[in-house]
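# Per-entry structural report
Listed below are the residues making up each chain.
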Amino acid sequence: MWPPKPLPKLNNRGIPVISQQISQRWPAALPYWQLARLDRPIGSLLLLWPTWWALWLAAEGWPGLHLFVVFTLGVLLMRAAGCAINDFADRNIDGHVQRTAARPLATGSVTPRGAVALFVALCLAAFLLVLTTNRLTILLSLPAAALAFCYPFAKRFTHMPQVVLGAAFSMGIPMAFAAATGEVPAQAWLLYTANLLWTVCYDTFYAMVDRDDDLKIGVKSTAILFGDMDRAMTGTLQLLVLFALLLIGQRFELGALFYSGLAIAAALFAYQQWLIRERERNACFRAFLNNNWVGAAVFVGIFSHYLVN
């Protein structure tokens, strides 16, 4: 679990080495591998960190091998499923957006039916994992799957699809508490809120990369909603996240190691604001990617607290 998984190695043409190996050995599988974004681990990491926060807080330390494996594999499967249904929803849009024009559905290397089939298969695999836990966790998995399905379509109807994404990305938190303790206490929902706000913030950075293209094709996002106030709004969200995590530290009686991790997260938030100061595409994407280290810093703080206590 630590250190965090490195980003995939690239060959001299900028292609992830593992994707190149799959292309050579199983060429028919490569488009589905890319559809599930298994060649791009950042989304999985952004889902894993808060899930691990919740597991460690709920169990007051190591949650046990069973829950660790169930939730880690479950996150990987559901993130892949979410990517598949996202690209299905955006199959007529991605070709018009610079960043997504090469995605498998946009290029025709995967059919819409194949994308839906992959989504269903991945959800079923994740559900089989959940069945090894308790009734409350199983019940919570149903709205989690529904949110994962709904998010890609939200951008057609609301300027705040990032809120739907945040709700989906945070469902691992109450599920972790339910699996570890048999209940979902108020503190779990506070952590859920912190993660939802954090997700809205970093996905706004992500949306800022595509803002010009999205305006042309009519896709909605918080980056468009916030407009010239994007820096102020994301900065406010970051402050709210830090405040919520400070409350978490108090509720769970966490010590100096946790607050040290939180201080590092605050410094990273400040760095992200510096990155987006000119709203340049690549810099906004770097700010989005940098949130992996925010999640890691908070987790190390929680992990270290329980390790020494």
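To start, this report covers the structure provided alongside it. Since the model is a prediction, treat every value here as computed from it, not as a measurement.

### Here's the deal with the overall build of the protein
For the protein, the count of helices and strands is 14 helices and zero strands. What you see for the protein is a C-alpha radius of gyration of 19 Å, in line with the 19 Å of a compact globule of 309 residues. Principal-axis analysis of the C-alpha atoms places the extent of the protein at approximately 55 × 45 × 40 Å. Buried residues in the protein amount to 53% of all 309 residues.

### What about unusual backbone geometry?
Residue Arg-37 is not a glycine yet carries a positive backbone phi of 60°. In this structure, Arg-37 sits in the loop between helix H2 (30-35) and helix H3 (42-59). Since its relative accessible area comes to 9%, Arg-37 is described here as buried. Notably, Arg-279 is not glycine yet its phi reads approximately 60°, a positive angle. Look at Arg-279 and you get partly exposed, because its relative accessible area is 32%.

### With respect to the side chain of Asp-87
Among the secondary structure elements, Asp-87 is positioned in helix H4 (residues 65-89). Residue Asp-87 is classed as buried on the basis of its relative accessible area of 0%. A polar atom in the side chain of Asp-87 sits 2.9 Å from the side chain of Arg-37. What Asp-87 contacts, discounting residues up to four positions off in sequence, is Leu-35, Arg-37, Asp-94, Arg-103 and Leu-105.

### Details of helix H7 (residues 135-154)
Look at H7: 29 Å from first C-alpha to last across 20 residues, which is about the 28 Å you get at 1.5 Å a residue. For H7, the full list of buried residues reads Thr-137, Leu-140, Ser-141, Ala-144, Ala-148, Tyr-151, Pro-152 and Ala-154.

### Quick notes on the pattern of salt bridges
On inspection of all chains with the given rule, the structure shows seven salt bridges. The salt bridge involving Arg-37 is made with Asp-87; its shortest N-O contact spans 2.9 Å. You can see Arg-37 sitting in the loop between H2 and H3 and its partner Asp-87 sitting in helix H4, a full 50 residues away along the chain. A single burial state applies to Arg-37 and to Asp-87, both of which are buried. Across the pair Lys-155 and Asp-90 runs a salt bridge whose closest N-O atoms are separated by 3.0 Å. Taken together, the residues span a long stretch of sequence, with Lys-155 in the loop between H7 and helix H8 (161-169) and Asp-90 in the loop between H4 and helix H5 (104-107) at a distance of 65 residues. Salt bridges linked by common partners bring Arg-37, Asp-87 and Arg-103 together as one network.

What counts, and where the lines are drawn
- Residues numbered from 1 in each chain as written.
- Predicted model: local features only at pLDDT ≥ 70, side-chain atom pairs only at ≥ 80, totals over all residues.
- Heavy atoms only, no water.
- Helix = DSSP H or I, 4+ residues; strand = E, 2+ residues; numbered from the N terminus.
- Rg over C-alpha atoms; globule rule 2.2 N^0.38 Å.
- Buried < 20%, exposed > 50% of the residue type's maximum accessible area, 1.4 Å probe, protein only.
- Polar contact = N/O pair within 3.5 Å; in protein donor to acceptor, adjacent residues only side chain to side chain.
- Contact = heavy atoms within 4.5 Å.
- Expected span 1.5 Å × (residues − 1).
- Salt bridge = Lys/Arg side-chain N within 4 Å of Asp/Glu carboxyl O.

Keep in mind that these numbers describe shape and distance, not what the molecule does.
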